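# Inside the fold
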Amino acid sequence: MGRLTVHRPIVKVVSSDDGIGERRRSDTLAVEEPLEIRVAGAPLAITMRTPGHDVELAAGFLVSEGVIARGDQFRSAIHCGGPGTGAVGVAGSAENTYNVLDVALAPGVAPPDPDLARRFYTTSSCGLCGKASIDAVETVSSYEVGTDAASLGAEELLELPDRLREEQAVFGTTGGLHAAALFDASTGELLVVREDVGRHNAVDKVVGWGVLNDRLPLRGMVLQVSGRASFELVQKAVMAGIPILSAVSAPSSLAVELAEASGVTLAGFVRGSSMNLYTRADRVRR
């Protein structure tokens, strides 16, 4: 539906022993466009994302916010736009830009609190990152991650960033996307990979895959991310029932605090032949 990449003319400047040279060429950029998420026609949030897997993104977002917790609570979703829908596209036309998605919840599932929608439109924030409250996550989550018996060997965990990188098709052409992948801790099977300009969106798409395939909670799984581990990524893991989060770069202090309080195994700087285990190191066999 939407473009993943665009081509733009650039001037390539190169320094060499002969001085500064330049040449004109075309560069491939990752697309970034807004997505408005609505529930039953009511606006809930706007996020900047890479088009594609929008339904998964919305489903994962709703899990992160505690609106739903299982696949059977998510009924359907449809892109808004086109003649007769009231949506206005580029230059005021009625073209469907696929940047508005309306979600229908299953009968009996309570709609999001209107205060939640107001907060998102005011701050354009993502997940619970604006709340900065560990207690809020523990209260809202439907799953007890700390009791998950998942484990894997250190060697297997060290291999996951390279396995993720091998699957990053759009990153290979643009260098501008984050990625997240879900692995089975016991078998090492790669279940799903998603890319996006936003690291939180990539994780929401992975969680949304779990929603649409009715696999929540994602017990026994490892969430591998291509960048750093922020509070919001740990929050999303807890809300989806994921026991192990592995990041190529550093975690934040609040991410470690939330992982410790929730029983998530948090690994950072997972690259090459080493890693840092910040919480629940017992799940990683040495």
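Calculation rules
- Residues numbered from 1 in each chain as written.
- Predicted model: local features only at pLDDT ≥ 70, side-chain atom pairs only at ≥ 80, totals over all residues.
- Heavy atoms only, no water.
- Helix = DSSP H or I, 4+ residues; strand = E, 2+ residues; numbered from the N terminus.
- Buried < 20%, exposed > 50% of the residue type's maximum accessible area, 1.4 Å probe, protein only.
- Contact = heavy atoms within 4.5 Å.
- Areas by Shrake-Rupley, 256 points an atom, 1.4 Å probe, with all protein chains shown as cover.
- Pairing = 2+ DSSP bridges.
- Axes fitted to C-alpha atoms, helices over the stretch in contact; angles between N-to-C directions.
- Core = buried A, V, L, I, M, F, W, Y, C linked by side-chain atoms within 4.5 Å.
- pLDDT = per-residue confidence, 0-100.
- Bend = angle between axes of the 7 residues up to and from the residue.
- Right-handed = clockwise from strand over helix to strand, strands pointing away.
- Expected span 1.5 Å × (residues − 1).
- Patch = residues over 30% accessible without salt bridge, like charges linked within 9 Å, V, L, I, M, F, W, Y side chains within 5 Å.
- Salt bridge = Lys/Arg side-chain N within 4 Å of Asp/Glu carboxyl O.

## Brief notes about the overall build of the protein chain
Within the protein chain one finds 8 helices and 14 strands. Counting all 286 residues of the protein chain, 50% fall into the buried class. Across the protein chain, the fraction of contacts at a sequence separation of at least 24, relative to all contacts at a separation of at least 6, is 56%. When the accessible surface of the protein chain is split by element, carbon and sulfur atoms take 50% of a total near 13300 Å².

## Re the sheet that holds strand E3 (residues 33-39)
Sheet architecture is open: 4 strands sit in the order E4-E3-E6-E5, paired in mixed fashion. A single partner strand is all that each edge strand has here, and the edge strands are strand E4 (42-49) and strand E5 (74-79). On average, each strand axis in the sheet is inclined to that of its neighbour by 25 degrees, with strand direction left out of account. In this sheet, strand E6 (residues 100-105) lies alongside E3 in parallel orientation, the contact comprising 4 bridges. Of the residues in E6, the one forming a bridge with Arg38 is Asp102. In the packing of helix H6 (residues 199-212) onto the sheet, the strands contacted are E4 and E5, and the crossing angle to E4 comes to about 125 degrees.

## Overview of the nonpolar core
Ranked by size, the top nonpolar core spans 57 residues in total, and within it Leu62, Ile68, Leu105, Leu182, Leu223, Val225 and Leu245 carry the most contacts. When residues of this core are assigned to their parent elements, the largest contribution, 7 residues, is made by helix H7 (residues 231-240). Leave out the neighbours within four places in its chain, and Ile68 touches Ala59, Leu62, Val63, Gln73, Phe74, Leu105, Val109 and Val211. Listed in part, the 18 residues of the second largest apolar core include Ala154, Leu157, Ile244 and Ala267.

## Description of the confidence of the model for the protein chain
Confidence along the protein chain averages 86 in pLDDT terms, with 84% of residues attaining 70 or more. For the stretch residues 82-93, pLDDT sits under 50, and the model shows 12 contacts to residues farther than four places along the chain or on other chains. Long-range and interchain partners of residues 121-132, a stretch whose pLDDT sits below 50, account for 27 contacts in this model, where long-range means more than four residues apart.

## So, helix H4 (residues 154-166)
Of all the bends in H4, the greatest, near 30 degrees, is centred on Leu160, and the proline Pro161 appears no more than four residues after it. Turning to H4, its buried residues are Ala154, Leu157, Leu158, Leu160, Pro161 and Leu164.

## Here's the deal with the pairing of strand E10 (residues 221-225)
Counted residue by residue, E10 has 5 buried out of 5 residues, so it is predominantly covered. Residues Met221, Leu223 and Val225 line one face of E10 and the alternating positions Val222 and Gln224 line the opposite face, and both faces are buried. Sheet topology note: the strand E8 (residues 178-184)/E10 ladder contains 5 bridges and is antiparallel. Paired with Leu182 across the two strands is Leu223, which belongs to E10. Where E10 meets strand E11 (residues 244-247), 4 bridges bridge the pair, whose relative direction is parallel. Paired with Val222 across the bridge in E11 is Ile244. Each parallel crossover has a hand, and for E10 linked through H7 to E11 it is right-handed.

## Side note on H6
With 14 residues, H6 extends 20 Å from end C-alpha to end C-alpha; this agrees with the ideal 20 Å at 1.5 Å per step. Taking burial as the measure, the 14 residues of H6 include 12 buried ones, the bulk of the element. Listing the buried residues of H6 in full gives His200, Asn201, Ala202, Val203, Asp204, Lys205, Val206, Val207, Gly208, Trp209, Gly210 and Val211. Phi turns positive one or two residues past the end of H6, at Asp214, with a value near 55 degrees.

## Concerning the pairing of E11
In E11, alternate side chains face the same way, and those of Ile244 and Ser246 on one face and Leu245 and Ala247 on the other are all buried. Pairing of E11 with strand E12 (residues 265-271), which is carried by 3 bridges, proceeds in the parallel orientation. Opposite Ser246, over in E12, you have Ala267 as the bridge partner. A crossover connection joins E11 to the parallel E12 through helix H8 (residues 253-262); in handedness this β-α-β unit is right-handed.

## Regarding a nonpolar patch on the surface
Together, Val11, Val13 and Ile20 make up an exposed nonpolar region whose accessible area comes to about 280 Å². Of note, Val11 is situated in strand E1 (residues 5-16). Judged by its relative accessible area of 38%, Val11 falls in the partly exposed class.

## Concerning the sheet that holds strand E13 (residues 274-279)
Read across the sheet, 6 strands follow the order E9-E8-E10-E11-E12-E13 without closing on themselves; strand pairing throughout is mixed. One side of each edge strand has no neighbouring strand; the edge strands of this open sheet are strand E9 (190-196) and E13. Adjacent strand axes in the sheet meet at a mean angle of 20 degrees when their direction is disregarded. Where H6 meets the sheet, its contacts fall on E8, E9 and E10, and the angle it forms with E9 comes to roughly 145 degrees.

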